[in-house]
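Structure at a glance
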Amino acid sequence: KQQLFRKCARVEQLEGELGQLLSTHEGALDTEHSAAFAREAELRRQRDREREENEQLSKELKSVQVALESTLDKVAASSEVKDKLDRMHGRWAASEARSDDLHRAWQLEQDKAGDLAKQLRSMTAERNRMEAKAQRNAGAAEKNTVLHQRLCQ
């Protein structure tokens, strides 16, 4: 009888510890999930800024190209205009590369957020299974206590 009570007490203690571990892990996952969404939002803002800068640089590049074509029609190519066009094209290409990098980073954050959501769902399902098992164990312990009381009478 004593051994049965000790085992029941140990089961309840382990269930409590398991509940605490699950809660702690879920809290950490929630925090990580929130951080991932914050990083994703920042990457989106950076990508939007880069896109605006790309559009502006594209407009400037087109403007310079039109000016260059007009000048070339009238006179021989000016090395100043060519240098400016090369610099503008270099800036535009660098901005495009940064925009691509930001998009890849944003996509990685999207993937991480999806993985974290799956992990959270899995942990919640595991906790629900463990709680159901704990309830079954509690019911069994109650039945054992009733049987024990009847046996002692």
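Reference entry: report on the structure contained in this document. Treat the numbers as computed from the prediction; the structure is a model and nothing was measured.

What follows deals with the overall build of the protein chain. Each helix and strand in the protein chain was counted, giving two helices and zero strands. Every one of the 153 residues in the protein chain was classed for burial, and the buried ones make up 18%. Expressed as a percentage of contacts within the protein chain between residues at least 6 apart in sequence, the contacts between residues at least 24 apart total 90%. By element, 53% of the accessible surface of the protein chain is carried by carbon and sulfur atoms, the whole surface being about 11200 Å². Both charge centroids of the protein chain, one from 28 positive and one from 28 negative side chains, sit 9 Å from each other.

One pass over the full model with this rule turns up 13 salt bridges. In this structure, the salt-bridge partner of Glu109 is Lys112, at a minimum N-O distance of 3.7 Å. Placement of the pair is Glu109 and Lys112 together in helix H2 (residues 79-152), with a separation of three residues, close to one helical turn. Relative accessible area serves as the criterion here: at 8%, Glu109 is assigned to the buried category. Between Glu126 and Arg129 there is a salt bridge, and its shortest N-O distance comes to 2.7 Å.

Turning our eyes to something else, we now look at the nonpolar core. The biggest cluster of nonpolar side chains holds six residues, and these are Leu57, Leu61, Val64, Leu68, Leu85 and Met88. When residues of this core are traced back to their parent elements, those giving at least two are helix H1 (2-74) and H2. Element by element, the count of residues in this core is highest for H1, at four residues. For Val64, the contacting residues outside a window of four places in its chain are Lys84, Leu85 and Met88.

This part covers the layout of surface pockets. Left-over empty space is what a probe sized like a water molecule reveals as it rolls over the atoms. By volume, the largest pocket amounts to about 160 Å³. Looking at the largest pocket, the residues that line it are Glu15, Leu18, Gly19, Leu22, Ser23, Arg127, Met130, Glu131, Lys133, Ala134 and Asn137. Mapped onto the lining of the largest pocket, the elements with two or more residues apiece are H1 and H2. Looking at the lining of the largest pocket element by element, the count peaks at six residues for H2. Grouping the amino acids of the lining of the largest pocket by side-chain chemistry returns four nonpolar, three polar and four charged.

Where H1 contacts H2, the two axes come as close as 6 Å, and the packing angle between them is 165°. As summarised for this structure, H1 and H2 are arranged roughly antiparallel, according to the angle between their axes. For the element pair H1 and H2, the recorded crossing hand is left-handed. Here the contact of H1 with H2 is built from residues that sort into 29 nonpolar, 17 polar and 17 charged.

Analysis parameters
Residues numbered from 1 in each chain as written. Predicted model: local features only at pLDDT ≥ 70, side-chain atom pairs only at ≥ 80, totals over all residues. Heavy atoms only, no water. Helix = DSSP H or I, 4+ residues; strand = E, 2+ residues; numbered from the N terminus. Buried < 20%, exposed > 50% of the residue type's maximum accessible area, 1.4 Å probe, protein only. Contact = heavy atoms within 4.5 Å. Areas by Shrake-Rupley, 256 points an atom, 1.4 Å probe, with all protein chains shown as cover. Lys, Arg positive; Asp, Glu negative; His and termini not counted. Charge placed at Lys NZ, Arg CZ, Asp CG, Glu CD. Salt bridge = Lys/Arg side-chain N within 4 Å of Asp/Glu carboxyl O. Core = buried A, V, L, I, M, F, W, Y, C linked by side-chain atoms within 4.5 Å. 1 Å grid on protein atoms, 1.4 Å probe; cavity = no way out; pocket = protein on both sides within 12 Å on 5 of 7 lines; lining within 4 Å. Points joined across faces, edges and corners; volume = space filled by probe spheres on them. Nonpolar A, V, L, I, M, F, W, Y, C, P; charged D, E, K, R; others polar. Axes fitted to C-alpha atoms, helices over the stretch in contact; angles between N-to-C directions. Parallel < 35°, antiparallel > 145°, perpendicular 65-115°, else oblique. Left-handed = near helix turned anticlockwise from the far one by under 90°.

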